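Descriptive structure summary
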Amino acid sequence: MFPPFPQESARHYCQKLISQIENGEVFLKQVGRESLERKDQGVMIGSLVCWDKKEKKRIILYAVSGNNKQLIPVNTNSKDLFVPSIVSSEQIDQALKENDKEIHELTEQINELTLINKASPQRARLLKKRTALTDSSLQKVFHLYLFTKYDGRKLSLNEIIKCHNNHLPPTGTGDCCAPKLLSYAFEKDYEIISMDEVYYGRDTKNKKNGISYAPCDERCGYILPSIMGLEILYRDKDIVVINKPSGLLSVPGKGKDKEDCAEARVRNLFPDAPKQCAVHRLDMETSGILVLALNKEAHRKLNEQFAEGKVHKKYIALLDGILHGKPEGRTELPFRLDIENRPHQIYDPVNGKIGITEWKKLGVEKGLTRIEFSPLTGRTHQLRLAASCPKELGGLGIPIKGDSLYGSCKEGERLMLHAAEIEFFHPVSGEKIHLICQPDF
């Protein structure tokens, strides 16, 4: 995953800690059982540089990956803070104990049957039973993990799993440095300045001793967006690009219950960002790429690009039916706000503003049509209208699935519209930025 915070300052402290370990000033102590396959493998050393708003001072946090190692300073008066594991190895062993014996017995039986007949029905049944027991054990372990989110509230790993349609993450999820450090910092209400992780140990195929690495996709990428409140696709000192989830406002609405939004979450992580940092908007129900500025000058220059039509975007949608006929085309539809039914838009060839959209049919899946939309203008609900407007008026005649305004949305459904691609010029360097973020539908 993309490094969510600047790395340079924290990298310095990671290297400093490694020197302290090698000089005997800090012990890297084994505090739990180590598996044979991980014996002599290295670890990730993590550092988080924070600002304590109450004490008005800089705080340095350290962590080590895994749950069976602990950083212990020789000098007990050290001002450095060594963050412990979210869950200890003893707690994990206890959670695994109930099914452990039966899983090992099943494994032995499966191995014997593999030698006799790998395709036997009995082996398949045993494999299925072992998988069920393993998943049950994993869920017991995951139940132990409790993180502190960006807003100070607690979040269990099982709640995060629900956000992933109950797809279980790999073992060890929650034991990387980043979730430990961020959970601790959010619990203390620290501001984040810098975060980095450096590999320490024998070189492997994928990692080199002393080299800095971004948080991993498999584990950190699974949980960090939920802890931080945002999935960061790109970030530098001027801009941040996020994958906005469906159901989150881009900017605050009226009333206290609508204060939570992408802008507010960005400012929570990057306090120096302008109050109005979003340079464009996505409907609350639409997910996908959203660009926000981290300073006023970047905001001004990006606004100019949007106004001049220099920003190119593509969306992916699922239409609630099968679209027949030509595979691609263009809609030019005049719409305006329905004043008596806000925020609904209505077709109005006299007073409406033209919304122009190019579209391409990508395929049909289970009675739904996957469409790629390329908006050439930026009208409110433009893509939703291009889909739902009757064919005789120039639309596609099929609403987007889950559209509560122009179609139907059943309980538990979401609008199947995702901002999947964007291309623009960096507001400071002028470099072309091209980002792709595929939908999860």
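Here we look at the overall build of the protein chain
- The helix and strand inventory of the protein chain stands at 9 helices and 19 strands.
- Its C-alpha atoms put the protein chain at 80 × 65 × 40 Å along the principal axes.
- Per-residue burial over the protein chain gives 46% buried out of 441 residues.
- Partitioning the contacts of the protein chain with sequence separation of at least 6, the portion at a separation of at least 24 is 63%.
- In the protein chain, 65 side chains carry a positive charge and 59 a negative one; their mean positions are 1 Å apart.

Regarding helix 5 (residues 177–188)
- The end-to-end C-alpha distance of helix 5 is 17 Å, a good match for the 16 Å that 12 residues give at a rise of 1.5 Å each.
- Cys177, Ala178, Pro179, Lys180, Leu181, Leu182, Ser183, Ala185 and Phe186 are the residues of helix 5 that are buried.
- Turning to helix 5, the residues buried within the fold contact strand 2 (43–52), strand 3 (57–64), strand 6 (146–148), strand 8 (191–200), helix 6 (220–228) and helix 7 (262–269).
- Once helix 5 ends, the next one or two residues include Asp189, with phi positive near 65°.

Focus: the side chain of His344
- Note that His344 resides in the loop between strand 14 (328–337) and strand 15 (345–347).
- Owing to a relative accessible area of 18%, His344 belongs among the buried residues under this scheme.
- Beyond its immediate sequence surroundings of up to four residues, His344 is in contact with Arg336, Leu337, Asp338, Leu405 and Tyr406.

Focus on the packing of aromatic side chains
- Applying the stated criterion across every chain yields a total of 5 aromatic pairs.
- An angle of 45° between the planes, with centres 5.7 Å apart, marks the rings of Phe5 and Phe270 as tilted. Taken together, the positions of Phe5 in the segment before helix 1 (8–22) and Phe270 in the loop between helix 7 and strand 12 (287–293) put the pair 265 residues apart, joining distant regions of the chain.
- A relative accessible area of 1% places Phe5 in the buried class.
- The interplanar angle of 25° and the centroid separation of 5.6 Å between the aromatic rings of Tyr62 and Phe82 together place this pair among those described as stacked. With a gap of 20 residues between them, Tyr62 in strand 3 and Phe82 in strand 5 (residues 81–82) connect regions that are remote in the sequence.
- Over the ring of Tyr213 we find Lys207; its NZ or CZ atom is 5.6 Å from the centre of that ring.

A word on the environment of Gly221
- Tracing the backbone shows Gly221 in helix 6.
- For Gly221, a relative accessible area of 26% corresponds to the partly exposed category.
- With 40 residues separating them in the primary sequence, Gly221 and Cys261 have C-alpha atoms 21 Å apart.
- Not counting chain neighbours up to four residues away, the residues in contact with Gly221 comprise Met1 and Cys216.

Here's the deal with the pattern of salt bridges
- In the structure shown here, the tally under the stated rule is 23 salt bridges.
- Among the salt bridges present, the one from Glu304 reaches Arg300, with a minimum N-O distance of 2.7 Å. Placement of the pair is Glu304 and Arg300 together in helix 8 (residues 296–307), with a separation of 4 residues, close to one helical turn.
- Glu304 gets classed as partly exposed once you look at its relative accessible area, which sits at 36%.
- Linked by salt bridges that have partners in common, Asp283, Glu285, Arg384 and Asp403 make up one network.

So, how was this worked out
- Residues numbered from 1 in each chain as written.
- Predicted model: local features only at pLDDT ≥ 70, side-chain atom pairs only at ≥ 80, totals over all residues.
- Heavy atoms only, no water.
- Helix = DSSP H or I, 4+ residues; strand = E, 2+ residues; numbered from the N terminus.
- Buried < 20%, exposed > 50% of the residue type's maximum accessible area, 1.4 Å probe, protein only.
- Contact = heavy atoms within 4.5 Å.
- Lys, Arg positive; Asp, Glu negative; His and termini not counted.
- Charge placed at Lys NZ, Arg CZ, Asp CG, Glu CD.
- Expected span 1.5 Å × (residues − 1).
- Phe/Tyr/Trp six-rings, centres within 6.5 Å; stacked < 30°, edge-to-face > 60°.
- Lys NZ or Arg CZ within 6 Å of the ring centre and 35° of its normal.
- Salt bridge = Lys/Arg side-chain N within 4 Å of Asp/Glu carboxyl O.

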